[in-house]
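Fold and contact review
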Amino acid sequence: MQKYQKYIPMAIVGFVFYLAILYWKSFVALVGSIIKASSAMIIGLLMAYVVNILMIQFEKLYQHIFKKKYQKAKRPLCIILSYLSVVLLFALLVSIIVPQIIDATELLLKNSFKALSPYLNDLSKYPQLKSFITPIETFLSDLSKGSLSSTSTDMLKHLFTGASGLLSNMTKVLSSIAGIVATLFFGFMFSLYLLGSKETLLAQLNRVLKTYLPKAYPTISYVAHVFNESIKNFVIGQVTEALIIGVLAALGCTILRFPYALMVGAIIGTTALIPVLGAYLGALVSAFLIFTISPVKAIQFLIFIVILQQFEDNLIYPRVVGTSLGLPGIWVLAAITVFGGVFGFGGVIFGVPITSALYTLLRNDLHRRMKQHRKEVITSEE
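An account of the accompanying structure is given in this report. What you see is a predicted model; the values in this text were computed from it and never measured.

We now examine helix H8 (residues 217-255). Taking 1.5 Å as the rise per residue, H8 with 39 residues should run 57 Å; its terminal C-alpha atoms sit 57 Å apart, in good agreement. Arg257 sits one or two positions beyond H8 and adopts a positive phi of about 60°.

Encoded structure:
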């Protein structure tokens, strides 16, 4: 009986996998419910993971300045500085982007009104609009007389019905916003707990794994280390690359005298956090805003972005992100295509570091097996 015990975990996994296929819709619904219920914890975990990268740098700086003094203040102060840095960066981006988007929208509406004003002044020439204008004229006439006709009563009913539907939709929207704010707040609080107690939590997790999975613990630890390094390097590389491309876009727009130079750099730098396709999305938004000023400059801007993106794809991205991940460019594109197609936007973001980790595990295992095979060949020849 003991010789079959090692197959029990495999049998359990196989049985669970069989049940998942057999009851696939129920399984997906169950997983969706679990993810929805755990959304605050998942968001908190993601927040803590990203902020932890920044917090480690602040802790190194703190250690360099204060040496072994004031150790109790190190963690709280570094957490505050890390989150404060993120908030200040977000506020800076908003202060650059939002005002200029408002200006561009106002200019677009003003130009549109100027273009349409001759047609708006001559509505009487279009009989097909009479059916819309007549009920309004009747309603206004009835108000002046102090009595309402059937046409005006029907119009009021439609107005109240529309207002009731609008109020209902607004209530749903406000409820959704309140839910999102609550989830983000609890996620933030959970991230503070994770950052403040990360050493204790990791020690407890290691103790549990060593106790219940002693043989598998080295493998689990190694795989977790590879995934952690891949994701961390991806985040650092992607942020660095986004900063470089954003600065280059702003400088190029300034030199070429394109409007909204700072805003364009901020938009492209922010959207460049999305691998490969992000900068193009930011360029389309920026081109539309420049179009409100000058269609010719918008076309010139798109030509500039295509040239800049070629420079970024062939020189910056391979050296900044590709080198940090150790992943060939073809695998980056494949990861975005496959993971994005299956998991949507989340797959686009996380597909590259996950593929990088799997690529590293496969490469290391291949080298290990080849090295072992060479040793066996040398031993057999001797």
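Moving on, we come to the nonpolar core. Core analysis: the largest hydrophobic core is formed by 26 residues, its most contacted members being Cys253, Val264, Ile268, Phe301, Phe304 and Ile305. Within the residue set of this core, elements represented by two or more residues are helix H4 (71-120), H8, helix H9 (261-271), helix H10 (278-291) and helix H11 (295-325). By residue number, the principal contributor to this core is H9, which donates six residues. When neighbours within four sequence positions are excluded, Cys253 is seen to be in contact with Phe258, Ala261, Val264, Phe301 and Phe304.

Side chains carrying opposite charge are able to pair once their charged atoms draw close together. According to the stated counting rule, one finds five salt bridges in the structure shown. One salt bridge in this structure joins Glu59 and Arg75, with 2.5 Å as the shortest N-O distance. Of the two residues, Glu59 sits in helix H3 (residues 39-66) while Arg75 sits in helix H4, which places them 16 residues apart along the sequence. A salt bridge links Asp365 to Arg369, with the shortest nitrogen-to-oxygen separation between them at 2.8 Å. Here the residue Asp365 and the residue Arg369 both occupy positions in helix H13 (residues 345-381), the gap between them amounting to four residues, near one helical turn.

What the rule picks out here adds up to six aromatic pairs. Pairing Phe258 with Phe301 gives two aromatic rings, centres 6.0 Å apart and planes at 90°, and the pair type is edge-to-face. Placement of the pair is Phe258 in the loop between H8 and H9 and Phe301 in helix H11, with a sequence separation of 43 residues. The exposure classification of Phe258 matches that of Phe301, with both residues buried. Members of the aromatic cluster, each reached through a chain of ring pairs, are Tyr62, Phe66 and Tyr70.

Right, let's talk about the packing of H8 against H9 for a bit. It is at 8 Å that the axes of H8 and H9 come closest, and there the two elements cross at 155°. Judged by the angle between their axes, H8 and H9 are roughly antiparallel. Crossing of H8 against H9: the hand is right-handed. Contacts between H8 and H9 involve Ala242, Ile245, Gly246, Ala249, Ala250, Cys253 and Thr254 from the former and Ala261, Val264, Gly265, Ile268 and Gly269 from the latter. In the contact of H8 with H9, the residues fall into eight nonpolar, four polar and no charged.

This part takes up a nonpolar patch on the surface. Nonpolar side chains collect at one region of the surface, where Trp24, Phe27, Val28, Val31, Ile35, Ile42, Leu46 and Phe350 lie side by side and expose about 700 Å² of accessible area between them. The leading source of residues in the nonpolar patch is helix H2 (residues 24-37), at five residues.

Rules used throughout
- Residues numbered from 1 in each chain as written.
- Predicted model: local features only at pLDDT ≥ 70, side-chain atom pairs only at ≥ 80, totals over all residues.
- Heavy atoms only, no water.
- Helix = DSSP H or I, 4+ residues; strand = E, 2+ residues; numbered from the N terminus.
- Expected span 1.5 Å × (residues − 1).
- Core = buried A, V, L, I, M, F, W, Y, C linked by side-chain atoms within 4.5 Å.
- Buried < 20%, exposed > 50% of the residue type's maximum accessible area, 1.4 Å probe, protein only.
- Contact = heavy atoms within 4.5 Å.
- Salt bridge = Lys/Arg side-chain N within 4 Å of Asp/Glu carboxyl O.
- Phe/Tyr/Trp six-rings, centres within 6.5 Å; stacked < 30°, edge-to-face > 60°.
- Axes fitted to C-alpha atoms, helices over the stretch in contact; angles between N-to-C directions.
- Parallel < 35°, antiparallel > 145°, perpendicular 65-115°, else oblique.
- Left-handed = near helix turned anticlockwise from the far one by under 90°.
- Nonpolar A, V, L, I, M, F, W, Y, C, P; charged D, E, K, R; others polar.
- Patch = residues over 30% accessible without salt bridge, like charges linked within 9 Å, V, L, I, M, F, W, Y side chains within 5 Å.
- Areas by Shrake-Rupley, 256 points an atom, 1.4 Å probe, with all protein chains shown as cover.

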